[in-house]
Amino acid sequence: KGTIPEIEIIPFTVKFPMTSEILEEKKSKEAFEEGIKLYTQETYKSRLKVSGEFLKSLQFKFQDNNEALANLILTDSELLPNSKDLQKDANTLFRLIRIGKNKSLSDLNMVMGIGLFYYHNGKTQTALNIIENYLRIGKPSLKILSIYLDMLVKKGDLTKARAVYEKIKAVPYKPLQAYISIARFLDLD
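The present account deals with the structure reproduced in this document. (Residues numbered from 1 in each chain as written. Predicted model: local features only at pLDDT ≥ 70, side-chain atom pairs only at ≥ 80, totals over all residues. Heavy atoms only, no water.)

This next bit is on the environment of Asp 76. Examined against the element boundaries, Asp 76 turns out to sit in helix α3 (residues 68-79). Considering only alpha carbons, one finds Asp 76 and Gly 113, 37 residues apart in sequence, at a separation of 7.8 Å. In this structure Asp 76 touches Phe 12, Val 14, Ser 51 and Leu 93, once residues within four positions along its chain are discounted. A polar atom in the side chain of Asp 76 sits 2.6 Å from the side chain of Ser 51. (Helix = DSSP H or I, 4+ residues; strand = E, 2+ residues; numbered from the N terminus. Contact = heavy atoms within 4.5 Å. Polar contact = N/O pair within 3.5 Å; in protein donor to acceptor, adjacent residues only side chain to side chain.)

As structure tokens, then:
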């Protein structure tokens, strides 16, 4: 009573993977699977751990299209607003994006990560273009539609936002991002 608990501030920093000289696929796979398992927990601390696990997976196996790259870009892009040094971390993340750019129209996690990267750097139209290019050819998930709705609301495009809202609202079980996007749309509407 009467005391406020001290809040632990954990800053986020984007790290570029320092590859191991020896290819260790088993350790890479274990770290990737641990990252996927932790990703289901939607807390800030768990996302920091997820980023570390995907980074570790890439350090053990950087070649041969490791799925951890797209997941690392997505996770780091989600955490980017909490960065300790936004300019430095954005530059590091951009270098990672350039490495995985060839998957930017085929990998859902890569598309969401790149879109969020541009969105958090104030380039909403570029983020929208990336998401819309994927939606023309790829199968959308509820998460990408939620991100897309949030971007449309930020831009103020109510016509497209309403169409996306109608798709999302009918789904019975939604992730947290979907509820936040819906609330922002309804507030704007």
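For the rest of this paragraph, the subject is the environment of Leu 96. Considering the arrangement of structural elements, one finds Leu 96 in helix α4 (residues 86-99). Note: C-alpha distance between Leu 96 and Asp 157 (61 residues apart in sequence) is 30 Å. For Leu 96, the residues in contact, after removing those within four places along its chain, are Lys 15, Phe 16, Pro 17, Leu 69, Leu 72 and Ile 73.

Under the definition given, this model contains four aromatic pairs. Measuring from ring centre to ring centre gives 5.7 Å for Phe 32 and Phe 54, while their planes differ by 45°; the resulting arrangement is tilted. Residue Phe 32 is found in helix α1 (residues 25-39), and its partner Phe 54 is found in helix α2 (residues 44-60); the two are separated by 22 residues along the sequence. Side by side, Phe 32 and Phe 54 carry an identical accessibility label, which is buried. (Phe/Tyr/Trp six-rings, centres within 6.5 Å; stacked < 30°, edge-to-face > 60°. Buried < 20%, exposed > 50% of the residue type's maximum accessible area, 1.4 Å probe, protein only.)

As a further point, take the pattern of salt bridges. Using the criterion set out here, one finds nine salt bridges in the structure. Between Glu 34 and Lys 37 there is a salt bridge whose closest N-O contact spans 3.6 Å. Placement of the pair is Glu 34 and Lys 37 together in helix α1, with a separation of three residues, close to one helical turn. Of the residues examined, Lys 37 reaches a relative accessible area of 52% and is grouped as exposed. Three or more residues joined by partner-sharing salt bridges are found here, namely Arg 47, Glu 78 and Lys 143. (Salt bridge = Lys/Arg side-chain N within 4 Å of Asp/Glu carboxyl O.)

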